[in-house]
Amino acid sequence: MAMTLAAQIENYIKRLLALSTDNSVELSRADLAQMFMCVPSQINYVLSTRFNTEAGYYIETRRGGSGYVRIIQTRLDGGADLARLLAAAKDKPFSRQAAENLLTRLFSEAIISEREQAILKAMLAGDALKLAGENEELLRGRLVRLLLMNLIRDDFTESQK
């Protein structure tokens, strides 16, 4: 099965991040677009959907002729970082992709197990949430918020032992 262009771009950036010594990489949108023979808006799409806060990344940009994109991979460091994620998720609608990014991050940082990730992914995927109609993303956001609140409680409880 052929990889989509977005997946190819994502994998390339992730390889660069894995090779970096400081969990960051600085790139030119135009250079990436030329390398992958696509328009810069395709690069913007990959950055916004695959390298966002939910997925564990912070992006700095500078536009113009010598513009760049700096992607910084962040790590969750216990309850305080989970609390920040919780505050950012307050009453925020969550797309299916954003929820999937968050679950992948929580698993990759060993906050949830593979089994928990699979269960949560199925719950947040959308089939059951489609019954909410136009409120699907808002309901998913509230479910994500409940998940984060419980993770904070568990993290706090574990740190008190």
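Our subject is the structure that appears above.
A short tour of the structure in this document, coming up. Remember, it's a predicted structure, so these values are computed and weren't measured experimentally.

1. Brief notes about the pairing of strand S3 (residues 68-73)
Here's step 1: As paired strands, strand S1 (residues 24-27) and S3 are joined by 4 bridges and run antiparallel to one another. Bridge pairing in S3 places Ser24 opposite Ile72.
Here's step 2: Taken together, the 6 bridges between strand S2 (residues 57-62) and S3 define a ladder with antiparallel strand orientation. Bridge pairing in S3 places Arg62 opposite Tyr68.

2. Here's the deal with the side chain of Asn52
Here's step 1: With respect to the helices and strands, Asn52 occurs in the loop between helix H3 (40-50) and S2.
Here's step 2: Reaching out from Asn52, the side chain makes a polar contact with the backbone nitrogen of Ala55 at a distance of 3.0 Å.
Here's step 3: Excluding residues within four positions of it along the chain, Asn52 makes contact with Leu47, Tyr57 and Asn101.

3. Side note on the packing of helix H5 (residues 96-108) against helix H6 (residues 114-124)
When two helices pack together, their arrangement is given by the angle between the helix axes and by the axis-to-axis distance.
Here's step 1: For the pair H5 and H6, interaxial distance at closest approach is 10 Å and the crossing angle is 170°. Taken together, the axes of H5 and H6 are roughly antiparallel relative to one another. For the pair formed by H5 and H6, the contact residues are Ala99, Glu100, Leu103, Thr104 and Phe107 on the first element and Glu114, Gln117, Leu120, Lys121 and Leu124 on the second.
Here's step 2: Within the contact of H5 with H6, the residues separate by chemical class into 5 nonpolar, 2 polar and 3 charged.

4. Some words on the packing of aromatic side chains
One pair of aromatic rings is described through two measures. These are the centre distance and the angle between the planes.
Here's step 1: By the definition in use, this model includes 2 aromatic pairs.
Here's step 2: Consider the rings of Tyr12 and Phe36, whose centres lie 5.6 Å apart with planes at 70°: the pair is edge-to-face. Within this pair, whereas Tyr12 is found in helix H1 (residues 5-19), its partner Phe36 is found in the loop between helix H2 (29-35) and H3, the two being separated by 24 residues in sequence. Considered together, Tyr12 and Phe36 belong to a single accessibility category, that of buried residues.
Here's step 3: Aromatic side chains Phe51 and Tyr57 sit 4.8 Å apart centroid to centroid with 65° between the ring planes, which places their arrangement in the edge-to-face category. Accessibility classification places Phe51 together with Tyr57 in one group, the buried group.

5. Brief notes about the environment of Leu143
Here's step 1: Within the fold, Leu143 resides in helix H7 (residues 136-160).
Here's step 2: For the pair formed by Leu143 and Phe94, sequence separation is 49 residues and the distance between their alpha carbons is 9.3 Å.

Cut-offs and rules
- Residues numbered from 1 in each chain as written.
- Predicted model: local features only at pLDDT ≥ 70, side-chain atom pairs only at ≥ 80, totals over all residues.
- Heavy atoms only, no water.
- Pairing = 2+ DSSP bridges.
- Helix = DSSP H or I, 4+ residues; strand = E, 2+ residues; numbered from the N terminus.
- Polar contact = N/O pair within 3.5 Å; in protein donor to acceptor, adjacent residues only side chain to side chain.
- Contact = heavy atoms within 4.5 Å.
- Axes fitted to C-alpha atoms, helices over the stretch in contact; angles between N-to-C directions.
- Parallel < 35°, antiparallel > 145°, perpendicular 65-115°, else oblique.
- Nonpolar A, V, L, I, M, F, W, Y, C, P; charged D, E, K, R; others polar.
- Phe/Tyr/Trp six-rings, centres within 6.5 Å; stacked < 30°, edge-to-face > 60°.
- Buried < 20%, exposed > 50% of the residue type's maximum accessible area, 1.4 Å probe, protein only.

Without other data, these values stay purely geometric and don't point to any function.
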